[in-house]
Amino acid sequence: MAYNLNQTIFVAGHRGMVGSAIIRRLQALGYSNILTAGRDELNLLDQTAVQAYFQANKIDQVYLAAAKVGGIHANNSYPADFIYENLMIEANVIHAAHISDVQKLLFLGSSCIYPKHAQQPMKEEALLTGVLESTNEPYAIAKIAGIKLCESYNRQHGRDYRSVMPTNLYGPHDNFHPENSHVIPALLRRFHEAVQRGDAEVVIWGSGTPMREFLHVDDMAAASVHVMELDSASLNAHTAPMLSHINVGTGQDCSIRELAETVARVTGFQGRLIFDSSKPDGTPRKLMDVGRLNALGWEATIALETGLNDAYRWFVDNQNFIRA
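Residues numbered from 1 in each chain as written. Predicted model: local features only at pLDDT ≥ 70, side-chain atom pairs only at ≥ 80, totals over all residues. Heavy atoms only, no water.

Undergrad: So what exactly am I meant to see when it comes to empty space enclosed by the protein here?
TA: Think of a ball as big as a water molecule: rolled over the atoms, this probe shows where empty space is left. All chains considered together, the criterion is met by 2 cavities of 30 Å³ or more. In this model, the largest cavity occupies a volume close to 60 Å³. Together, S111, C112, Y114, P115, K116, M122, E133, N136, T283 and K286 line the largest cavity. When the residues that make up the lining of the largest cavity are grouped by side-chain class, the tally is 4 nonpolar, 3 polar and 3 charged. When its volume is computed, the second largest cavity comes out at roughly 30 Å³. Lining of the second largest cavity is provided by L64, A66, A67, N86, I89, E90, F107 and K143. Broken down by element, the lining of the second largest cavity gets its largest block of residues, 3 residues, from helix α4 (residues 79–99). Partitioned by chemical class, the residues of the lining of the second largest cavity number 5 nonpolar, 1 polar and 2 charged. (1 Å grid on protein atoms, 1.4 Å probe; cavity = no way out; pocket = protein on both sides within 12 Å on 5 of 7 lines; lining within 4 Å. Points joined across faces, edges and corners; volume = space filled by probe spheres on them. Nonpolar A, V, L, I, M, F, W, Y, C, P; charged D, E, K, R; others polar. Helix = DSSP H or I, 4+ residues; strand = E, 2+ residues; numbered from the N terminus.)

Next comes the structure, spelled out in C-alpha coordinates:
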(Lines give C-alpha, C1' and ligand atoms only; values in the text may rest on other atoms or scores of the structure.)
Protein backbone atom coordinates (compact mmCIF):
# COMPACT_ATOMS: atom_id res chain seq x y z
CA MET A 1 0.00 0.00 0.00
CA ALA A 2 1.39 3.40 -1.04
CA TYR A 3 1.17 6.20 1.53
CA ASN A 4 1.13 9.95 0.88
CA LEU A 5 3.51 10.90 3.67
CA ASN A 6 3.15 14.63 3.01
CA GLN A 7 -0.45 14.80 4.15
CA THR A 8 -1.35 16.78 7.26
CA ILE A 9 -3.17 14.52 9.72
CA PHE A 10 -5.10 15.62 12.80
CA VAL A 11 -5.36 12.97 15.52
CA ALA A 12 -8.14 13.95 17.92
CA GLY A 13 -7.58 12.31 21.31
CA HIS A 14 -3.81 11.88 20.89
CA ARG A 15 -3.16 11.48 24.62
CA GLY A 16 -5.51 8.53 24.95
CA MET A 17 -4.64 4.89 24.46
CA VAL A 18 -5.95 4.68 20.89
CA GLY A 19 -4.86 8.13 19.74
CA SER A 20 -1.30 7.68 21.00
CA ALA A 21 -1.10 4.28 19.28
CA ILE A 22 -2.28 5.80 15.99
CA ILE A 23 0.45 8.43 16.24
CA ARG A 24 3.06 5.74 16.88
CA ARG A 25 1.82 3.87 13.80
CA LEU A 26 1.80 6.96 11.59
CA GLN A 27 5.30 7.95 12.68
CA ALA A 28 6.58 4.43 12.08
CA LEU A 29 5.26 4.64 8.52
CA GLY A 30 7.04 7.95 7.98
CA TYR A 31 4.28 10.53 8.42
CA SER A 32 5.64 13.74 9.92
CA ASN A 33 2.87 16.33 9.52
CA ILE A 34 0.79 15.16 12.49
CA LEU A 35 -1.35 17.70 14.32
CA THR A 36 -2.42 17.24 17.94
CA ALA A 37 -4.20 19.45 20.45
CA GLY A 38 -4.59 18.71 24.15
CA ARG A 39 -7.63 19.73 26.18
CA ASP A 40 -5.78 22.83 27.34
CA GLU A 41 -5.44 23.90 23.69
CA LEU A 42 -8.73 22.70 22.20
CA ASN A 43 -11.98 21.81 23.96
CA LEU A 44 -13.70 19.36 21.61
CA LEU A 45 -17.00 20.04 23.38
CA ASP A 46 -16.85 23.65 22.16
CA GLN A 47 -18.22 23.84 18.62
CA THR A 48 -16.87 27.33 17.94
CA ALA A 49 -13.38 26.40 19.13
CA VAL A 50 -13.32 23.22 17.05
CA GLN A 51 -14.39 25.02 13.89
CA ALA A 52 -11.77 27.73 14.48
CA TYR A 53 -9.06 25.07 14.88
CA PHE A 54 -9.98 23.44 11.58
CA GLN A 55 -10.12 26.78 9.80
CA ALA A 56 -6.66 27.69 11.13
CA ASN A 57 -5.03 24.46 9.96
CA LYS A 58 -4.85 22.90 6.52
CA ILE A 59 -5.91 19.35 7.42
CA ASP A 60 -6.01 16.48 4.93
CA GLN A 61 -7.12 13.63 7.21
CA VAL A 62 -8.71 13.25 10.64
CA TYR A 63 -8.52 10.29 13.00
CA LEU A 64 -11.36 10.79 15.48
CA ALA A 65 -10.09 8.82 18.48
CA ALA A 66 -11.25 11.27 21.15
CA ALA A 67 -14.01 9.93 23.39
CA LYS A 68 -15.17 9.60 26.97
CA VAL A 69 -14.65 5.93 27.82
CA GLY A 70 -14.93 3.66 30.84
CA GLY A 71 -16.00 0.28 32.16
CA ILE A 72 -19.32 -0.99 33.51
CA HIS A 73 -19.05 0.98 36.77
CA ALA A 74 -18.28 4.26 35.01
CA ASN A 75 -21.03 3.79 32.42
CA ASN A 76 -23.57 2.98 35.13
CA SER A 77 -22.51 5.93 37.29
CA TYR A 78 -22.22 8.67 34.65
CA PRO A 79 -24.65 7.87 31.79
CA ALA A 80 -25.42 11.53 31.05
CA ASP A 81 -21.73 12.38 30.78
CA PHE A 82 -21.10 9.46 28.44
CA ILE A 83 -23.88 10.23 25.97
CA TYR A 84 -23.52 14.02 26.02
CA GLU A 85 -19.75 14.27 25.73
CA ASN A 86 -19.42 11.63 23.03
CA LEU A 87 -22.25 13.07 20.94
CA MET A 88 -20.76 16.56 21.18
CA ILE A 89 -17.20 15.49 20.36
CA GLU A 90 -18.12 13.54 17.26
CA ALA A 91 -20.67 16.06 15.99
CA ASN A 92 -18.28 18.98 16.46
CA VAL A 93 -15.29 17.29 14.83
CA ILE A 94 -17.15 15.70 11.90
CA HIS A 95 -19.05 18.89 11.05
CA ALA A 96 -15.93 21.05 11.39
CA ALA A 97 -14.06 18.68 9.09
CA HIS A 98 -16.83 19.01 6.51
CA ILE A 99 -17.12 22.80 6.53
CA SER A 100 -13.31 23.04 6.32
CA ASP A 101 -13.36 20.75 3.26
CA VAL A 102 -11.53 17.84 4.88
CA GLN A 103 -12.35 14.94 2.59
CA LYS A 104 -11.07 11.99 4.64
CA LEU A 105 -11.92 11.11 8.24
CA LEU A 106 -11.86 7.91 10.27
CA PHE A 107 -14.29 7.58 13.20
CA LEU A 108 -13.46 5.05 15.90
CA GLY A 109 -16.48 3.43 17.50
CA SER A 110 -16.98 0.40 19.73
CA SER A 111 -18.32 -3.14 19.59
CA CYS A 112 -20.98 -2.12 22.13
CA ILE A 113 -23.00 -0.71 19.21
CA TYR A 114 -24.38 -4.21 18.63
CA PRO A 115 -27.47 -5.67 20.35
CA LYS A 116 -26.95 -7.44 23.65
CA HIS A 117 -28.09 -10.76 22.19
CA ALA A 118 -26.69 -10.35 18.69
CA GLN A 119 -25.82 -13.58 16.93
CA GLN A 120 -22.18 -14.49 17.51
CA PRO A 121 -19.80 -13.64 16.00
CA MET A 122 -21.29 -10.21 15.42
CA LYS A 123 -21.49 -9.12 11.79
CA GLU A 124 -21.72 -5.46 10.75
CA GLU A 125 -25.28 -6.20 9.58
CA ALA A 126 -26.37 -6.74 13.21
CA LEU A 127 -26.40 -2.98 13.83
CA LEU A 128 -29.83 -1.68 14.95
CA THR A 129 -31.42 -5.14 14.97
CA GLY A 130 -32.07 -5.45 18.72
CA VAL A 131 -31.91 -4.06 22.26
CA LEU A 132 -28.56 -2.79 23.51
CA GLU A 133 -26.82 -3.83 26.73
CA SER A 134 -28.36 -1.58 29.39
CA THR A 135 -25.13 -0.92 31.30
CA ASN A 136 -23.59 1.05 28.44
CA GLU A 137 -26.58 1.98 26.26
CA PRO A 138 -25.93 5.78 26.37
CA TYR A 139 -22.35 5.31 25.19
CA ALA A 140 -23.43 2.85 22.51
CA ILE A 141 -26.10 5.19 21.18
CA ALA A 142 -23.52 7.97 20.89
CA LYS A 143 -21.21 5.67 18.92
CA ILE A 144 -24.04 4.60 16.62
CA ALA A 145 -24.75 8.28 16.02
CA GLY A 146 -21.12 8.74 15.02
CA ILE A 147 -21.41 6.03 12.37
CA LYS A 148 -24.57 7.62 11.02
CA LEU A 149 -23.00 11.08 11.02
CA CYS A 150 -20.20 9.77 8.80
CA GLU A 151 -22.63 7.99 6.51
CA SER A 152 -24.87 11.05 6.27
CA TYR A 153 -22.05 13.42 5.31
CA ASN A 154 -20.95 10.87 2.72
CA ARG A 155 -24.45 10.56 1.25
CA GLN A 156 -25.33 14.26 1.28
CA HIS A 157 -21.95 15.88 0.68
CA GLY A 158 -19.82 13.23 -1.03
CA ARG A 159 -17.33 12.99 1.83
CA ASP A 160 -15.13 9.97 2.50
CA TYR A 161 -15.76 9.51 6.22
CA ARG A 162 -15.15 5.95 7.38
CA SER A 163 -15.90 4.11 10.63
CA VAL A 164 -14.14 1.25 12.38
CA MET A 165 -15.63 -0.65 15.32
CA PRO A 166 -12.96 -2.16 17.57
CA THR A 167 -13.53 -4.94 20.02
CA ASN A 168 -12.29 -4.50 23.63
CA LEU A 169 -8.94 -2.71 23.49
CA TYR A 170 -5.98 -2.72 25.88
CA GLY A 171 -2.33 -1.71 25.94
CA PRO A 172 0.00 1.20 26.79
CA HIS A 173 -1.68 4.43 27.95
CA ASP A 174 -4.81 2.56 29.06
CA ASN A 175 -6.90 3.89 31.95
CA PHE A 176 -5.82 1.98 35.07
CA HIS A 177 -8.20 3.72 37.49
CA PRO A 178 -9.35 1.16 40.12
CA GLU A 179 -13.07 1.94 39.58
CA ASN A 180 -13.51 3.53 36.17
CA SER A 181 -11.31 1.32 33.98
CA HIS A 182 -12.10 -1.54 31.62
CA VAL A 183 -11.57 -5.15 32.59
CA ILE A 184 -7.94 -5.70 31.48
CA PRO A 185 -6.35 -2.63 33.11
CA ALA A 186 -8.54 -3.17 36.19
CA LEU A 187 -7.34 -6.77 36.52
CA LEU A 188 -3.70 -5.93 35.81
CA ARG A 189 -3.73 -3.31 38.55
CA ARG A 190 -5.67 -5.46 41.02
CA PHE A 191 -3.39 -8.49 40.56
CA HIS A 192 -0.25 -6.33 40.68
CA GLU A 193 -1.32 -4.75 43.97
CA ALA A 194 -2.29 -8.15 45.36
CA VAL A 195 1.22 -9.43 44.60
CA GLN A 196 2.76 -6.36 46.24
CA ARG A 197 0.68 -6.88 49.42
CA GLY A 198 1.09 -10.66 49.45
CA ASP A 199 -2.68 -11.28 49.26
CA ALA A 200 -3.91 -14.87 49.24
CA GLU A 201 -6.83 -14.17 46.90
CA VAL A 202 -8.15 -11.74 44.31
CA VAL A 203 -11.86 -11.01 43.85
CA ILE A 204 -13.13 -10.59 40.28
CA TRP A 205 -16.47 -9.03 39.39
CA GLY A 206 -19.07 -11.41 37.94
CA SER A 207 -19.28 -15.12 37.39
CA GLY A 208 -16.26 -15.40 35.12
CA THR A 209 -18.33 -17.04 32.38
CA PRO A 210 -18.90 -14.13 29.92
CA MET A 211 -16.85 -14.42 26.74
CA ARG A 212 -14.84 -11.44 25.55
CA GLU A 213 -12.51 -10.64 22.66
CA PHE A 214 -9.47 -8.43 23.27
CA LEU A 215 -7.31 -6.51 20.78
CA HIS A 216 -3.98 -4.87 21.53
CA VAL A 217 -4.13 -1.16 20.75
CA ASP A 218 -1.11 -1.34 18.43
CA ASP A 219 -3.07 -3.80 16.27
CA MET A 220 -6.01 -1.40 16.38
CA ALA A 221 -3.81 1.47 15.21
CA ALA A 222 -2.42 -0.61 12.34
CA ALA A 223 -5.94 -1.58 11.28
CA SER A 224 -7.11 2.03 11.47
CA VAL A 225 -4.37 3.32 9.18
CA HIS A 226 -4.96 0.38 6.85
CA VAL A 227 -8.68 1.20 6.52
CA MET A 228 -8.03 4.94 6.17
CA GLU A 229 -5.59 4.35 3.31
CA LEU A 230 -7.67 1.84 1.35
CA ASP A 231 -8.70 3.07 -2.07
CA SER A 232 -12.42 3.80 -2.40
CA ALA A 233 -13.04 1.05 -4.92
CA SER A 234 -11.80 -1.77 -2.66
CA LEU A 235 -13.61 -0.31 0.35
CA ASN A 236 -16.88 0.13 -1.51
CA ALA A 237 -16.75 -3.48 -2.63
CA HIS A 238 -17.20 -4.52 1.02
CA THR A 239 -19.46 -1.73 2.37
CA ALA A 240 -22.69 0.06 1.49
CA PRO A 241 -23.88 3.69 1.85
CA MET A 242 -25.86 2.86 5.02
CA LEU A 243 -23.74 -0.07 6.18
CA SER A 244 -20.26 1.39 5.98
CA HIS A 245 -18.61 0.51 9.30
CA ILE A 246 -15.95 -2.18 9.60
CA ASN A 247 -15.35 -4.46 12.59
CA VAL A 248 -11.81 -4.63 13.98
CA GLY A 249 -10.82 -7.53 16.20
CA THR A 250 -8.96 -10.81 16.43
CA GLY A 251 -11.89 -13.11 15.68
CA GLN A 252 -11.09 -15.07 18.86
CA ASP A 253 -12.46 -14.75 22.39
CA CYS A 254 -11.93 -16.16 25.89
CA SER A 255 -13.89 -16.29 29.14
CA ILE A 256 -13.30 -13.72 31.86
CA ARG A 257 -12.05 -16.60 34.01
CA GLU A 258 -9.46 -17.50 31.36
CA LEU A 259 -8.47 -13.85 31.10
CA ALA A 260 -8.02 -13.62 34.89
CA GLU A 261 -5.88 -16.76 34.90
CA THR A 262 -3.69 -15.26 32.15
CA VAL A 263 -3.36 -11.97 34.04
CA ALA A 264 -2.35 -13.94 37.13
CA ARG A 265 0.49 -15.56 35.14
CA VAL A 266 1.60 -12.25 33.67
CA THR A 267 1.72 -10.51 37.07
CA GLY A 268 3.10 -13.48 39.00
CA PHE A 269 0.06 -13.88 41.27
CA GLN A 270 -0.16 -17.40 42.71
CA GLY A 271 -3.16 -17.12 45.05
CA ARG A 272 -6.85 -18.00 44.65
CA LEU A 273 -9.29 -16.40 42.22
CA ILE A 274 -12.70 -15.57 43.71
CA PHE A 275 -15.58 -14.66 41.35
CA ASP A 276 -18.27 -12.41 42.87
CA SER A 277 -21.49 -13.41 41.09
CA SER A 278 -23.42 -10.61 42.82
CA LYS A 279 -21.71 -8.15 40.45
CA PRO A 280 -23.00 -7.64 36.90
CA ASP A 281 -21.62 -9.72 34.06
CA GLY A 282 -22.72 -7.48 31.21
CA THR A 283 -23.24 -8.98 27.77
CA PRO A 284 -22.92 -12.81 27.77
CA ARG A 285 -20.63 -12.86 24.75
CA LYS A 286 -19.00 -10.28 22.47
CA LEU A 287 -17.09 -11.64 19.51
CA MET A 288 -16.59 -9.70 16.31
CA ASP A 289 -16.93 -11.15 12.85
CA VAL A 290 -13.83 -9.74 11.16
CA GLY A 291 -14.38 -11.32 7.77
CA ARG A 292 -14.90 -7.94 6.11
CA LEU A 293 -11.62 -6.56 7.46
CA ASN A 294 -9.73 -9.74 6.58
CA ALA A 295 -11.08 -9.51 3.02
CA LEU A 296 -9.69 -5.96 2.91
CA GLY A 297 -6.21 -7.31 3.62
CA TRP A 298 -5.65 -6.95 7.38
CA GLU A 299 -5.46 -9.40 10.31
CA ALA A 300 -4.41 -8.99 13.96
CA THR A 301 -0.90 -10.14 14.86
CA ILE A 302 -0.46 -9.68 18.64
CA ALA A 303 -1.42 -12.70 20.78
CA LEU A 304 -3.30 -12.00 24.02
CA GLU A 305 -0.62 -13.08 26.51
CA THR A 306 2.06 -11.24 24.53
CA GLY A 307 -0.08 -8.11 24.55
CA LEU A 308 -0.87 -8.43 28.25
CA ASN A 309 2.84 -8.62 29.04
CA ASP A 310 3.36 -5.42 27.05
CA ALA A 311 0.49 -3.65 28.82
CA TYR A 312 1.72 -4.81 32.22
CA ARG A 313 5.26 -3.57 31.57
CA TRP A 314 3.86 -0.17 30.63
CA PHE A 315 1.77 -0.06 33.81
CA VAL A 316 4.72 -0.97 36.03
CA ASP A 317 6.96 1.59 34.35
CA ASN A 318 4.35 4.35 34.62
CA GLN A 319 2.43 3.56 37.81
CA ASN A 320 3.83 6.59 39.62
CA PHE A 321 2.18 8.83 37.02
CA ILE A 322 -1.18 7.02 36.91
CA ARG A 323 -4.17 8.42 38.77
CA ALA A 324 -4.92 6.72 42.08
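Don't stop here, the text continues.
Undergrad: Help me out: how do you make sense of the pairing of strand β4 (residues 104–108) in this one?
TA: Side-chain direction in a regular strand flips from residue to residue, so the side chains alternate between the two faces of the sheet. The element β4 is largely enclosed, with a buried count of 5 among its 5 residues. Burial along β4 is two-sided: K104, L106 and L108 facing one way and L105 and F107 facing the other are all buried. Both β4 and strand β5 (residues 160–166) contribute to a ladder of 5 bridges, which runs parallel. Residue pairing for β5: K104 is matched across the bridge by D160. Read as a crossover between parallel neighbours, the route from β4 over helix α5 (residues 137–157) to β5 is right-handed. (Buried < 20%, exposed > 50% of the residue type's maximum accessible area, 1.4 Å probe, protein only. Pairing = 2+ DSSP bridges. Right-handed = clockwise from strand over helix to strand, strands pointing away.)

Undergrad: Got a minute to help me understand the nonpolar core in this structure?
TA: Core analysis: the largest hydrophobic core is formed by 40 residues, its most contacted members being F10, F54 and L105. For this core, the secondary-structure elements that each account for two or more residues are β1 (9–12), α2 (47–56), β3 (61–64), α4, β4, α5 and β5. Beyond its immediate stretch of four places on either side in the chain, L105 contacts V62, V93, I94, A97, C150, D160, Y161, R162 and M228. Ranked by size, the runner-up nonpolar core spans 32 residues in total, among them I9, I34, Y63 and V164. (Core = buried A, V, L, I, M, F, W, Y, C linked by side-chain atoms within 4.5 Å. Contact = heavy atoms within 4.5 Å.)

Undergrad: Can you help me understand the pattern of salt bridges in this one?
TA: It is possible for side chains bearing opposite charge to pair when their charged atoms get close. The tally for this structure, following the rule as stated, stands at 14 salt bridges. Of the charged contacts, one joins R272 and E201 as a salt bridge, the two residues approaching to 2.9 Å between their closest N and O atoms. In this pair, R272 is assigned in strand β12 (residues 272–276) and E201 in strand β7 (residues 201–205), connecting sequence segments 71 residues apart. Across the pair R265 and E305 runs a salt bridge whose closest N-O atoms are separated by 3.0 Å. You can see R265 sitting in helix α9 (residues 256–267) and its partner E305 sitting in helix α11 (residues 304–318), a full 40 residues away along the chain. We classify E305 as partly exposed; its relative accessible area is 35%. (Salt bridge = Lys/Arg side-chain N within 4 Å of Asp/Glu carboxyl O.)

Undergrad: Whenever I open this one, the sheet that holds strand β8 (residues 211–212) confuses me. Can you help?
TA: In a beta sheet, neighbouring strands are held together by backbone hydrogen bonds and run either parallel or antiparallel to one another. Taken in spatial order, the 3 strands line up as β11-β8-β13 in an open sheet, and their pairing is mixed. For this open sheet the edge positions go to β11 (254–255) and β13 (285–286), each flanked by a neighbour on one side alone. The pairing of β8 with β13 spans 2 bridges and is classified as parallel. Within β13, the position partnered with M211 by the bridge is R285.

Undergrad: How should helix α7 (residues 217–229) be read in this particular structure?
TA: Along an α-helix, residues three or four positions apart point the same way, because every turn accommodates 3.6 residues. Given a rise of 1.5 Å per residue, 13 residues ought to cover 18 Å, and the 18 Å separating the end C-alpha atoms of α7 matches this to within 8%. The buried count for α7 comes to 12 of 13 residues, which makes it a mostly enclosed element. What α7 keeps buried is the set V217, D219, M220, A221, A222, A223, S224, V225, H226, V227, M228 and E229. (Expected span 1.5 Å × (residues − 1).)

Undergrad: Any chance you could explain the pairing of β5 here in plain terms?
TA: Taking burial as the measure, the 7 residues of β5 include 7 buried ones, the bulk of the element. Because side chains alternate across β5, one face comprises the buried residues D160, R162, V164 and P166, and the other comprises Y161, S163 and M165, equally buried. In this sheet, strand β10 (residues 246–248) lies alongside β5 in parallel orientation, the contact comprising 3 bridges. Across the sheet, M165 pairs through a bridge with N247, a residue of β10.

Undergrad: Looking at this model, I keep getting lost on the side chain of E124. Mind explaining?
TA: Here E124 shows up in the loop between β4 and α5. No salt bridge is formed by the buried E124; its nearest oppositely charged neighbour, R292, is found at 4.1 Å. When near neighbours in sequence (up to four residues on either side) are disregarded, E124 contacts Y114, L243, H245, I246, N247, D289 and R292. (Lys, Arg positive; Asp, Glu negative; His and termini not counted.)

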